[in-house]
Amino acid sequence: MTESRWKALIEVAETGSIRAAAARLVVTESAVSASVASLSKELGLPLLTRSGRGVELTAAGARYVEYLRRVLGLLEEGGVAARGEFAPEHGRLRLGCVTTVGDSVVPTLLGRFHAAFPAVELALEVGPSARVWSLFEAHRLDVVVAGRPPQLQDVVPRALCDNRLVVVGSPSVADAFDLAATTWLLREDGSGIRGAADQLRADLAASGPAMTLGSNGAVLAGAVAGLGVTLVPHEAAAGHVATGDLAVLDLPGTPLVRPWFASTRHGPTATAALFVRFLLSDPEAGRRWSAVPARPHGPASPVPSPGGGRQGLLAAT
């Protein structure tokens, strides 16, 4: 089938190996090779080239795979949308969130949502901002919970909640803080907080060294260990601050106000709309989440009601 050939090429692109792609798909290497060769013949151009012990996409192959991911994402999204339109409470929700939200907000939120709608099939993808939005653009996610969404053509912020970023360090590091000497512990490239931290350091003219530790947990652990200071959500550091392991530094321009947004497409699936409505109406979630105001000169986007159909509006920006 054409779809299986597309998936074979995508797996080869992601793994850089025919063998690894075959292992992922649980098929033979010859089957993967045949699929790629068939697509190449059909297009009349080479899609792969040798690279060391593996393979890599040609320029044409890379562009082709970019479209294949979108097509397969749309096919999957179509099935998800059909199931949700028939019965939102029995549909599927493909939720993506940035690592910081995945560490603190989403677990409790999904637990409450699952308790309210146990028949909804949940799929969660947690990663850096760049990866999560890439998956959304490829139609592999229905809802994204992250910082302010990028300027994509088909993304609508539906709900937001407060999020403040603070600079923290161990008490000894905080007392001796020096813009020219203190080490900054940074998240990985592609993280929204990494971008905010880089901008804050530039605004402060901080010339101290930087150390990339990656995850939210890693930078917090490094700060507790006295390796330096780091920019994190106040909520993530609150426990350590309460025990005295960390102290919040009073620096110009902080805390940074960076709300979290729950975003969907202009025409979300009914189950995605159900999730947004849950955010805005649940007694626990309602204390944190509020609707995003409508554009001053634009209508709100219609969102399916939990019972199906196109009743009601959720504000869009």
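In case you missed it, the structure is sitting above this.
The structure presented is a predicted model; accordingly, all values stated were derived computationally and were not measured. (Residues numbered from 1 in each chain as written. Predicted model: local features only at pLDDT ≥ 70, side-chain atom pairs only at ≥ 80, totals over all residues. Heavy atoms only, no water.)

## As for a nonpolar patch on the surface
Part 1 of the reasoning: On the surface, Met211, Leu213 and Leu227 cluster together into a nonpolar patch covering about 220 Å² of accessible area.
Part 2 of the reasoning: Among the secondary structure elements, leucine 227 is positioned in the loop between helix H10 (216-224) and strand E10 (229-233). (Patch = residues over 30% accessible without salt bridge, like charges linked within 9 Å, V, L, I, M, F, W, Y side chains within 5 Å. Areas by Shrake-Rupley, 256 points an atom, 1.4 Å probe, with all protein chains shown as cover. Salt bridge = Lys/Arg side-chain N within 4 Å of Asp/Glu carboxyl O. Helix = DSSP H or I, 4+ residues; strand = E, 2+ residues; numbered from the N terminus.)

## Focus: H10
An α-helix turns once every 3.6 residues. As a result, residues three or four positions apart point the same way.
Part 1 of the reasoning: Within the sequence span of H10, burial applies to Asn216, Val219, Leu220, Gly222 and Ala223. Along H10, the residues classed as buried sweep out an arc of 160 degrees about the axis, all on the same side.
Part 2 of the reasoning: Two residues or fewer past H10, glycine 226 is found with a positive phi of approximately 85 degrees. (Buried < 20%, exposed > 50% of the residue type's maximum accessible area, 1.4 Å probe, protein only. Arc of directions from axis to C-beta.)

## Here's the deal with the pattern of salt bridges
Part 1 of the reasoning: One pass over the full model with this rule turns up 18 salt bridges.
Part 2 of the reasoning: Between arginine 63 and glutamate 66 there is a salt bridge, with the nearest N and O atoms lying 3.6 Å from each other. Separated by 3 residues within a single helix, arginine 63 and glutamate 66 lie in helix H4 (residues 59-86), roughly one turn from each other.
Part 3 of the reasoning: A salt bridge links glutamate 125 to arginine 131, with the shortest nitrogen-to-oxygen separation between them at 3.3 Å.
Part 4 of the reasoning: Take arginine 131: its relative accessible area is 42%, and that puts it in the partly exposed class.
Part 5 of the reasoning: Where salt bridges share partners, they join Glu11, Glu14, Arg24 and Arg69 into one cluster.

## Considerations on the nonpolar core
Part 1 of the reasoning: Counting residues in each nonpolar core, the largest one holds 31 residues, and the members touching the most others are Leu93, Leu95, Val101, Phe275 and Trp289.
Part 2 of the reasoning: Where this core is concerned, the elements lending two or more residues are strand E3 (92-98), helix H6 (106-116), helix H7 (129-137), strand E5 (143-146), strand E6 (156-161), strand E13 (260-264) and helix H12 (270-281).
Part 3 of the reasoning: Looking at this core element by element, the count peaks at 5 residues for H12.
Part 4 of the reasoning: Core analysis: the second largest hydrophobic core is formed by 18 residues, Ala197, Leu204, Ala206 and Val229 among them. (Core = buried A, V, L, I, M, F, W, Y, C linked by side-chain atoms within 4.5 Å.)

## Considerations on the pairing of strand E2 (residues 54-57)
Part 1 of the reasoning: Strand direction decides the pairing type here: strand E1 (residues 48-51) and E2, joined by 4 bridges, are antiparallel. Across the sheet, residue leucine 48 finds its bridge partner in E2, namely leucine 57.
Part 2 of the reasoning: In sequence, E1 turns back onto E2 through a hairpin of 2 residues, with glycine 52 there showing a positive phi of about 65 degrees. (Pairing = 2+ DSSP bridges.)

## Remarks on the sheet that holds E6
Part 1 of the reasoning: Across the sheet, 6 strands lie side by side as E4-E3-E5-E13-E6-E14; this open sheet has mixed pairing. Each edge of the sheet is formed by a strand with only one pairing partner; in this case those strands are strand E4 (121-127) and strand E14 (289-291). Going across the sheet, the axis of each strand differs from the next one's by a mean of 25 degrees, ignoring polarity.
Part 2 of the reasoning: The sheet contact formed by E6 and E14 spans 3 bridges and is antiparallel. Looking at E14, one finds that leucine 160 is bridged to serine 290.
Part 3 of the reasoning: Set on the sheet, H6 makes contact with E3, E4 and E14; between it and E4 the angle comes to about 175 degrees. (Axes fitted to C-alpha atoms, helices over the stretch in contact; angles between N-to-C directions. Contact = heavy atoms within 4.5 Å.)

## A few points about the side chain of threonine 58
Part 1 of the reasoning: When you line up the elements, threonine 58 lands in the loop between E2 and H4.
Part 2 of the reasoning: A relative accessible area of 17% means that threonine 58 is categorised as buried.
Part 3 of the reasoning: Reaching out from threonine 58, the side chain makes a polar contact with the backbone nitrogen of glycine 61 at a distance of 3.0 Å. (Polar contact = N/O pair within 3.5 Å; in protein donor to acceptor, adjacent residues only side chain to side chain.)

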